[in-house]
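Structural characterization, general
Listed below are the residues making up each chain.
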Amino acid sequence: MKSSPIIRAPHRNTDNLGVYVHFPYCIHKCSYCDFYSVGMDRAMDGGKTVTTRALADYMQALQSEFAERKKLFRQRRINTIFFGGGTASLLPAENVFRILEMLRTEFEMDSRCEITLEGNPENFSPDYIASLKQTGVNRIHVGIQSLRPAILKQLDRYYDEERYAAILETLKGSTIVNRGVDLMYGVPGQTEEDFYQDLDRLLDTGITHVSLYSLTVEHGTPYDVMVRKGVSPPPDEEMQEQIFSFLPQRMRDRGFVHYEVSNYGKPGQLSRHNLRYWLYEPTLALGPGAHGFTGTSRYANVRNTPGWQSAPLAAALESHEPALELPLCFLRILLPLEREELQRIVETEVPGKWDAVSRTLESWAMRGLARFDSVFEWKLEGLMRLNDRVVELQEVLVSK
Ligand code: SF4
């Protein structure tokens, strides 16, 4: 049995800035998906590439939003950029380059700036990866979810047989070395063996990062409606619990660090952008449905592409609520968090609450849920009912 090297959580740094760019289009809207996205099969008559017109409208609105939103941030140096969606891999590399140039005109780029583009297997050809690399993208993430057509069908995902078949070779030969995938478990009809076989085949390509999610029923999605009507089976929760408890050791045996509830990375290749959300660091977010955080205020852009394009700055600033938000963020981090650093964050964001917070963390340690001495670190037992722990700490932080 292998153990991971001890890697501590990075210190929170609010002097650097992260940028999130939301590209809304997908070839098809999956029925379980709660992200803001637009299926091109409906919006663009079944096209597999975004039309020139739609791209031009998107770029224009993005520039207008950036011209104003940038003024909300005092930070001058960007250390992470993330192109997500929707399917950001439907963005031609030329547009990725123009967006990066737009950011460079106003901000300094950290010399080690992590620039990620996330997308779907259909778009990640060796040529596309090579042209992304030329723009400065240094990390890709591929939403594979499953390598099995029957499971992808169950998930109502668009599936291109040829591109899926090629993705393993593409990942193996990727010229962008920092490359990861998303996989899903607990899909009706999927066995544990199916999931572990897919995982092993992907790990054998040399990927450096894996996000492993259990299928959930998101309120208001078509999948939610179908489950409630009894038309679609719900996720297999028993299997999900089983996999969740065995995954951490299995991934450690393959040399990965479990650094967030659903995320694993090779040492040195954890996603710094993901960590920024959990460390409660500021993010300049652009695009329809994107959520930004200045450090003291939040904004949530409208989940409607034409609406956002006609008024990209319509989302009002709202003050943040650290007493509710902090537990949602840092309790997801599985790396050891230094006690002094945690104290500094709590005292900065919710002054006067550190004693009560530390008493709660101590009580969890006494119950065998976590370790709390010079560091705070979860044990697997604590993660099994994480939502209850989040609510418990929120109550401590909001109490008078
Ligand atoms: S491809 Fe991804 S973002 Fe698009 S609809 Fe499916 S799950 Fe949602």
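This text follows the structure it describes.
Below is a short write-up of the structure. (Residues numbered from 1 in each chain as written. Predicted model: local features only at pLDDT ≥ 70, side-chain atom pairs only at ≥ 80, totals over all residues. Heavy atoms only, no water.)

**Description of the overall build of the protein chain**
If you tally the helices and strands in the protein chain, you get 16 helices and 17 strands. Expected size for 400 residues packed as a compact globule is a radius of gyration near 21 Å; at 21 Å, the protein chain falls within 12% of this value. By its C-alpha atoms, the protein chain is 60 × 50 × 45 Å across when sized along the principal axes. A buried classification covers 56% of the 400 residues belonging to the protein chain. For the protein chain, contacts bridging at least 24 residues in sequence account for 71% of all contacts bridging at least 6. In the form shown here, the protein chain has an accessible surface area of approximately 18000 Å², with 50% of it arising from carbon and sulfur atoms. Both charge centroids of the protein chain, one from 46 positive and one from 53 negative side chains, sit 3 Å from each other. (Helix = DSSP H or I, 4+ residues; strand = E, 2+ residues; numbered from the N terminus. Rg over C-alpha atoms; globule rule 2.2 N^0.38 Å. Buried < 20%, exposed > 50% of the residue type's maximum accessible area, 1.4 Å probe, protein only. Contact = heavy atoms within 4.5 Å. Areas by Shrake-Rupley, 256 points an atom, 1.4 Å probe, with all protein chains shown as cover. Lys, Arg positive; Asp, Glu negative; His and termini not counted. Charge placed at Lys NZ, Arg CZ, Asp CG, Glu CD.)

**Topic: the sheet that holds strand S15 (residues 337-338)**
If you walk across this open sheet you meet the three strands as S15-S17-S16, and the pairing is antiparallel. Since the sheet does not close on itself, it has two edges, and those belong to S15 and strand S16 (370-372), each with one partner. (Pairing = 2+ DSSP bridges.)

**Regarding helix H9 (residues 237-253)**
Look at H9: 25 Å from first C-alpha to last across 17 residues, which is about the 24 Å you get at 1.5 Å a residue. The largest bend in H9 is about 40°, located at Leu 247, with the proline Pro 248 one to four residues further on. Residues of H9 that are buried include every one of Met 239, Gln 240, Ile 243, Phe 244, Leu 247, Pro 248, Gln 249 and Met 251, and no others. The secondary structure elements touched by the buried residues of H9 are strand S7 (179-185), helix H7 (192-203), strand S8 (209-214), strand S9 (257-260), strand S10 (263-265) and helix H15 (380-383). Just downstream of H9 lies Gly 255, where phi reads positive at about 90°. (Expected span 1.5 Å × (residues − 1). Bend = angle between axes of the 7 residues up to and from the residue.)

**Observations regarding the environment of Thr 191**
As for its placement among the helices and strands, Thr 191 is situated in the loop between S7 and H7. In this structure, the C-alpha to C-alpha distance between Thr 191 and Gly 230, residues 39 residues apart in sequence, is 21 Å. Of note is the side chain of Thr 191, whose polar atom sits 3.0 Å from the backbone nitrogen of Asp 194. (Polar contact = N/O pair within 3.5 Å; in protein donor to acceptor, adjacent residues only side chain to side chain.)

**Some points on the packing of helix H12 (residues 322-330) against helix H16 (residues 386-398)**
Each pair of packed helices can be summarised by the angle the axes make with each other and by the distance between the axes. H16 packs onto H12 with a crossing angle of 150° between their chain directions and a minimal axis gap of 8 Å. The hand of the H12/H16 crossing is right-handed. Side by side, H12 and H16 meet where Ala 323, Leu 324, Pro 327, Leu 328 and Phe 330 of the first sit next to Val 390, Leu 393, Gln 394, Leu 397 and Val 398 of the second. Counted by class, the contact of H12 with H16 contains nine nonpolar, one polar and no charged residues. (Axes fitted to C-alpha atoms, helices over the stretch in contact; angles between N-to-C directions. Left-handed = near helix turned anticlockwise from the far one by under 90°. Nonpolar A, V, L, I, M, F, W, Y, C, P; charged D, E, K, R; others polar.)

**Remarks on unusual backbone geometry**
One non-glycine residue with positive phi stands out, namely Gln 145, at about 70°. Residues other than glycine seldom take positive phi values, yet Tyr 280 does so here, at roughly 65°. Secondary-structure assignment places Tyr 280 in the loop between helix H10 (272-278) and strand S11 (283-286).

**A closer look at the pattern of salt bridges**
Under the defined criterion, the tally for this structure stands at 26 salt bridges. Across the pair Arg 69 and Glu 65 runs a salt bridge whose closest N-O atoms are separated by 3.0 Å. In this pair, Arg 69 and Glu 65 are both assigned in helix H2 (residues 52-69), four residues apart and thus about one turn of the helix distant. Like Glu 65, Arg 69 is buried. Arg 344 is the partner of Glu 341 in a salt bridge, and the nearest nitrogen-oxygen pair spans 3.1 Å. Here Glu 341 and its partner Arg 344 are both found in helix H13 (residues 339-349), three residues apart, which amounts to about one turn of the helix. One connected set of salt bridges, linked through shared partners, spans Asp 200, Asp 204, Arg 250 and Arg 254. (Salt bridge = Lys/Arg side-chain N within 4 Å of Asp/Glu carboxyl O.)

**What about the pairing of strand S1 (residues 16-23)?**
A large share of S1 lies buried, amounting to eight of its eight residues. The two faces of S1 match: Asn 16, Gly 18, Tyr 20 and His 22 on one face and Leu 17, Val 19, Val 21 and Phe 23 on the other face are all buried. Across eight bridges, the pairing between S1 and strand S4 (residues 77-85) is parallel. The residue of S4 that forms the bridge with Leu 17 is Ile 78. Of the strand pairs in this sheet, S1 and S11 are connected by four bridges, and their pairing is parallel. Residue pairing in the sheet places Val 19 in a bridge with Leu 284 of S11.

**Comments concerning the side chain of Arg 12**
Secondary-structure assignment places Arg 12 in the segment before S1. Owing to a relative accessible area of 12%, Arg 12 belongs among the buried residues under this scheme. Polar side-chain contacts of Arg 12 include one of 2.9 Å to the backbone oxygen of Tyr 280. Among the polar contacts made by the side chain of Arg 12, one reaches the side chain of Glu 349 at a distance of 2.8 Å. Among all residues touching Arg 12, those that are not within four sequence positions of it are Leu 279, Tyr 280, Glu 281, Glu 341, Arg 344, Ile 345 and Glu 349.

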